[in-house]
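# Understanding the architecture of this molecule
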Amino acid sequence: MIRGGREVGAIQYQIRLFLLAVSFLTIIPARSNHIATEREMAESLRYYPIVGILIGLILAATAYLANALGLGLGGDALIIVLWLILHGGLHADGLMDTADGVFSGKERSKVLEIMRDSRVGAMGVLVFVANVLLKFAFLASLPVNIKMWALLLAPVLGRAMIVYAIKYYPYARSGSGLGKSYGSYVTTNIVIVAMITVVAVSVLASPVASLFGMLIILLAATAAALFVHWIAGKLGGHTGDTYGATCEVSETLLIIFAVMGLKGFYG
């Protein structure tokens with residue numbers, strides 16, 4: 001009975017971690033009255049790619065319906081808007097704050113101060129608009145089957161790269177904040193599982209194009225890792241804002257490389 005009770009307790013704990021990840025990364029109502037500890041927040045990172053699958057499924061289904069209804073570019077615009085709504089602008093806000101800071105030309109301490117400011121500057125707006133335009137334009141260039149694949153994979157890769165950044169780069173601020181002590185709880189196995197999840201979803205979504213998918217994931221993940229490294233070089237680490245920026249950039253890179261790969265494979 002005790003062993004069975006422990007197993008049930010372990011399952012309930014994992015469900016709590018999953019719901020914690022869902023509630024933090026999306027607007028989907030999955031909150032409970034339980035106040036999460038720092039350790040629980042860190043351990044919920046293992047479910048970030050799974051939340052990405054949930055978001056990706058919604059986006060891919062929207063692309064399918066938009067194509068069935070013949071919405072054309074309007075369907076792609078709807079996907080972008082829904083994408084922003086699903087995560088409540090969380091990652092987009094991080095992208096804008098990061099852009100305001102790193103493109104300010106200031107020293108590191110001033111950059112971090114700018115990023116903490118809730119007001120959005122010109123560079124933040126410009127980078128946000130550029131990111132939205134790139135997603136929209138490259139999505140519109142994809143046939144519906146590849147578009148659905150890319151929409152399924154992009155949110156998974158984006159959240160896997162957040163896990164990567166948290167594990168392998170220090171927290172940039174001296175005070176408390178998202179990711180401050182996550183590194184002590186996040187294991188290499190969590191990162192490996194996150195990346196395996198990306199590959200597994202790609203193969204399951206399109207077994208025939210698995211080679212194509214592996215190449216796109218490799219290129220996008222490598223480019224995203226370079227972005228993560230560049231940001232860390234600018235700030236001496238990462239912050240909650242740069243994790244959001246990492247997610248946005250990774251998603252956009254996957255869609256861009258999907259278009260480039262499609263041209264390279266099929267002309």
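As shown above, the structure is provided for reference.
These remarks concern the structure in this document. (Residues numbered from 1 in each chain as written. Predicted model: local features only at pLDDT ≥ 70, side-chain atom pairs only at ≥ 80, totals over all residues. Heavy atoms only, no water.)

### Comments concerning the overall build of the chain
- Within the chain one finds 11 helices and 0 strands.
- In sequence order, the secondary structure elements of the chain are arranged as α-α-α-α-α-α-α-α-α-α-α.
- Taking all 267 residues of the chain together, 48% fall into the buried category.
- Looking at the chain alone, contacts between residues at least 24 apart form 78% of all its contacts between residues at least 6 apart. (Helix = DSSP H or I, 4+ residues; strand = E, 2+ residues; numbered from the N terminus. Buried < 20%, exposed > 50% of the residue type's maximum accessible area, 1.4 Å probe, protein only. Contact = heavy atoms within 4.5 Å.)

### Points about the nonpolar core
- Counting 74 residues, the largest nonpolar core has W83, L139, L142, W149, L153, L235 and L254 as the members making the most contacts within it.
- For this core, the leading source of residues is helix α8 (residues 144–168), giving 16 residues. (Core = buried A, V, L, I, M, F, W, Y, C linked by side-chain atoms within 4.5 Å.)

### Quick notes on the environment of P143
- Structurally, P143 can be placed in the loop between α7 (122–140) and α8.
- Considered as a pair, P143 and N67 are 76 residues apart in the sequence and their alpha carbons are 9.7 Å apart.

### Remarks on the pattern of salt bridges
- One pass over the full model with this rule turns up 8 salt bridges.
- A salt bridge links R119 to D117, with the shortest nitrogen-to-oxygen separation between them at 2.8 Å.
- On the basis of relative accessible area, R119 is assigned to the exposed category, the value being 64%. (Salt bridge = Lys/Arg side-chain N within 4 Å of Asp/Glu carboxyl O.)

### Overview of helix α5 (residues 90–102)
- For α5, which comprises 13 residues, the first-to-last C-alpha distance of 19 Å matches the rise-based estimate of 18 Å (1.5 Å per residue) to within 8%.
- Among the residues of α5, H91, A92, G94, L95, M96, D97, T98, A99, D100, G101 and V102 are the ones counted as buried. (Expected span 1.5 Å × (residues − 1).)

### Side note on the packing of aromatic side chains
- Applying the stated rule across the entire model yields 5 aromatic pairs.
- Summarising the aromatic geometry, the rings of Y164 and Y168 are spaced 5.4 Å apart at their centres and angled 50 degrees between planes, so their arrangement reads as tilted. With Y164 and Y168 both in helix α8 and 4 residues apart, this pair spans about one turn of that helix.
- Measuring from ring centre to ring centre gives 6.2 Å for F227 and W230, while their planes differ by 40 degrees; the resulting arrangement is tilted. Of the two residues, F227 and W230 both sit in helix α10 (residues 210–235), 3 residues apart, roughly one turn of that helix.
- In this structure an aromatic cluster arises from ring pairing among F103, F227 and W230.
- Its end group placed over the ring of W83, K135 keeps NZ or CZ at 3.9 Å from the ring centre. (Phe/Tyr/Trp six-rings, centres within 6.5 Å; stacked < 30°, edge-to-face > 60°. Lys NZ or Arg CZ within 6 Å of the ring centre and 35° of its normal.)

### Regarding the packing of α8 against helix α9 (residues 188–205)
- In contact at an axis separation of 9 Å, α8 and α9 are set at 170 degrees when each is read in the N-to-C sense. With respect to α9, the element α8 is oriented roughly antiparallel. Residues W149, L152, L153, V156, L157, A160, M161, V163, Y164, K167 and Y168 of α8 form the contact with α9, whose participating residues are T188, I190, V191, A194, M195, T197, V198, V201, S202 and A205.
- Partitioning the contact of α8 with α9 into residue classes produces 17 nonpolar, 3 polar and 1 charged. (Axes fitted to C-alpha atoms, helices over the stretch in contact; angles between N-to-C directions. Parallel < 35°, antiparallel > 145°, perpendicular 65-115°, else oblique. Nonpolar A, V, L, I, M, F, W, Y, C, P; charged D, E, K, R; others polar.)

### Examining the packing of helix α4 (residues 73–86) against α7
- Between α4 and α7, the least distance of the axes is 9 Å, while the angle of their chain directions is 135 degrees. With respect to each other, α4 and α7 are oriented oblique. Classified by chirality, the crossing of α7 by α4 is right-handed. Two secondary-structure elements touch here, α4 through L73, D76, A77, I79, I80, W83 and L84 and α7 through F128, V132, K135, F136, L139 and A140.
- The residue inventory of the contact of α4 with α7, partitioned by class, reads 11 nonpolar, no polar and 2 charged. (Left-handed = near helix turned anticlockwise from the far one by under 90°.)

### Observations regarding the environment of M161
- Mapped onto the secondary structure, M161 falls in helix α8.
- Along the primary structure M161 and T246 are separated by 85 residues, whereas in three dimensions their C-alpha atoms are 6.8 Å apart.
- With residues up to four places along the chain from it excluded, the contact list for M161 reads M195, A221, A224, A225, V228, T246 and S250.

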